[in-house]
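What follows is the residue order along each chain.
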Amino acid sequence: MSKYFQATASAPVNIACIKYWGKRDTKLILPTNSSLSVTLSQDHLRSTTTSRADPSFTEDTIWLNGKLDEIKPGGRLSTCIDAMRRAREEVEDADPKAEKFSQCKVHICSYNNFPTAAGLASSASGFAALVYSLAKLYQLPASPKDLSIIARQGSGSACRSLFGGFVAWREGTAPDGSDSFAEQVAPEIAWSDMHALICVVSDDKKGTSSTAGMQRTVETSTLFEQRKAVVPGRMRAITEAIHKRDFDQFAEITMKDSNSFHAVALDTDPPIFYLNDVSRAIIAIVTEYNRVSLDAGGKRKAAYTFDAGPNAVIYAPKENIKEIVEMIVEYFPQESFKDTFALFGKEDVRGRLVRGFNTGVAKRFEKGAVKTLIHTSVGDGPRVRGSEEGLLGENGLPK
Ligand code: DP6
């Protein structure tokens, strides 16, 4: 057994409030607009990755959720691995005392604790964990911002998972992508009672991938020009809302931008539908919940947002979550709450609506329409994991 080098790291999921949708450079993954997301807690959703360099390995190899995956030359995985290896070479060239293992092949094993391709941004947490674990393996001096530029070339939204809290991806203008990076707008502790309720509508593989869908939008949607014009103002306004912890503003912008993204998807030729009847019912229910509050002179209490799939993410201040769960359960009865993400311990959760709620805004669905509810909150950036959490066995294969 040769001496090997290894690191394990985990990275969070992020869900955008201002959506990234469209590339101006498909190879470097440079976006047509800036975007902003909330990083979700790794206590509930995360990708964990172990990277090992060993002189006895003969090929770079990667396993995703236990399955061998191909590292295509020039593809997204090899772009990230090559960039990290080059950074290690620079460290070795600059310091004659540095251990020389940049030329060793690597084995990488990555695992998501949630269903892949369910619209839960698995590529974001996955590429962030890959890049972060390689940065630890190679003991690089790189900052999260530097790493975000590399993760971006794996999957655009991945660059935002290098930070915790509230994160912006600046579109940049440089043709080489050097100014298209992620940065933190506010840390998680600045607004820690920002919670999220994920309504898992479908855990099937989605129809049109983000990558293919957004390119079709860029090429065919006329509404897309209008979207590009409104996003900069929204970026400024939501940043201000976050700094002021103004949930009402945050919610209004988040819902508008989700709707705008799904409108340009529909305006694509051929049209792309990510929302289904369940998604639309959730939009109607959250809208009515906010209407009741606004009509009583109050403020918005919840914000929905949808990525490239039918799952809803509902952002809300912690104090409203129980009410929101009861409202969702009223329309989408649950089989049980006894899964990994138990909401309120053993406390009984039953369907209930706030006073004045117009029940007619949606029909009551059968059990299973919303399969699971995942209650989580804003969380921190990538974490180094102990060797006991390593995913590779002594033989260099997945455990
Ligand atoms: C709807 O980051 O998955 O989730 O860069 O082609 O890998 P690629 O696309 P990806 O797109 C995510 C799109 C989105 C919006 C967002 O996360 O901002």
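In the block above lies the structure referred to throughout.
As a starting point, this report considers the structure included with it. (Residues numbered from 1 in each chain as written. Predicted model: local features only at pLDDT ≥ 70, side-chain atom pairs only at ≥ 80, totals over all residues. Heavy atoms only, no water.)

Here's the deal with helix H3 (residues 144-152)
Then, number 1: Inspection of H3 places Leu147, Ser148, Ile149, Ile150, Ala151 and Arg152 among the buried residues, and these make up the whole buried set.
Then, number 2: In this structure, the buried side of H3 is in contact with strand S4 (30-31), helix H1 (76-94), helix H2 (122-137), strand S10 (166-169) and strand S11 (182-186). (Buried < 20%, exposed > 50% of the residue type's maximum accessible area, 1.4 Å probe, protein only. Helix = DSSP H or I, 4+ residues; strand = E, 2+ residues; numbered from the N terminus. Contact = heavy atoms within 4.5 Å.)

What to know about helix H5 (residues 223-244)
Then, number 1: Its 22 residues place the ends of H5 31 Å apart at the C-alpha level, agreeing with the 32 Å of an ideal helix rising 1.5 Å per residue.
Then, number 2: When we look at burial in H5, the residues that qualify are Phe224, Arg227, Val231, Arg234, Met235, Ile238, Thr239, Ala241 and Ile242.
Then, number 3: For H5, the elements touching its buried residues are strand S2 (14-18), strand S5 (35-39), S10, S11, helix H4 (210-220) and helix H6 (247-266). (Expected span 1.5 Å × (residues − 1).)

Examining the pairing of S10
Then, number 1: Of the two faces of S10, the one holding Phe166 and Ala168 and the one holding Val167 and Trp169 are both buried throughout.
Then, number 2: When S5 meets S10, the two strands line up antiparallel, connected through four bridges. Each bridged residue has a counterpart across the sheet, and for Ser35 the counterpart in S10 is Trp169.
Then, number 3: Looking at chain direction, S10 and S11 are connected through four bridges and run antiparallel. Considered in S11, the bridge of Val167 is made with Gln184. (Pairing = 2+ DSSP bridges.)

Remarks on unusual backbone geometry
Then, number 1: In this model, Asp269 is joined to Pro270 through a cis peptide bond whose omega is -10°.
Then, number 2: Note on placement: Pro270 falls in the loop between H6 and helix H7 (277-295).
Then, number 3: Although it is not a glycine, Gln139 adopts a positive phi angle of roughly 50°.
Then, number 4: Along the chain, the position of Gln139 falls in the loop between H2 and H3.
Then, number 5: A residue is classified by how much of its surface remains accessible, and Gln139, at 54% relative accessible area, is exposed.
Then, number 6: Of note in the backbone geometry, Arg245 takes a positive phi value of approximately 50° without being a glycine.

Some words on the sheet that holds S11
Then, number 1: Pairing is antiparallel across the open sheet formed by four strands, whose spatial order is S2-S5-S10-S11. With one partner strand each, in any of the chains shown, S2 and S11 form the two edges of the open sheet. With direction set aside, neighbouring strand axes in the sheet form an average angle of 35°.
Then, number 2: Inspection of the sheet shows S2 paired to S5 by four bridges, in the antiparallel sense. (Axes fitted to C-alpha atoms, helices over the stretch in contact; angles between N-to-C directions.)

Side note on the packing of aromatic side chains
Then, number 1: Under the counting rule described, the total for this entry stands at 13 aromatic pairs.
Then, number 2: Centroid distance Trp21 to Phe261: 4.6 Å. Interplanar angle 50°. Geometry classified as tilted. In this pair, Trp21 sits in the loop between S2 and strand S3 (23-25) while Phe261 sits in helix H6, placing the two residues 240 residues apart along the sequence.
Then, number 3: Here Trp21 falls in the buried class, since its relative accessible area comes to 2%.
Then, number 4: Chaining the aromatic ring pairs together yields one cluster made of Phe166, Trp191, Phe247, Phe250 and Tyr315.
Then, number 5: Across from the ring centre of Phe181, 4.2 Å away, lies the NZ or CZ of Lys145, which sits over that ring.
Then, number 6: Stacked on the ring of Phe365, the Lys or Arg Lys363 has its end atom at 4.7 Å from the ring centre. (Phe/Tyr/Trp six-rings, centres within 6.5 Å; stacked < 30°, edge-to-face > 60°. Lys NZ or Arg CZ within 6 Å of the ring centre and 35° of its normal.)

A look at the pairing of strand S15 (residues 372-377)
Then, number 1: When you tally the buried positions in S15, you get five out of six residues, the bulk of the element.
Then, number 2: Sheet topology places strand S12 (residues 194-200) next to S15; six bridges connect them, and they run antiparallel. Residue pairing in the sheet places His195 in a bridge with Ser377 of S15.

Regarding the sheet that holds strand S14 (residues 312-317)
Then, number 1: Across the sheet, which stays open at both edges, the four strands sit in the order S13-S14-S12-S15 with antiparallel pairing between neighbours. Edge positions in the open sheet fall to strand S13 (303-305) and S15, since each of these has one partner strand only. Shown here is a sheet whose adjacent strand axes are inclined to one another by a mean of 25°, direction ignored.
Then, number 2: As paired strands, S12 and S14 are joined by six bridges and run antiparallel to one another. Of the residues in S14, the one forming a bridge with His195 is Ala316.

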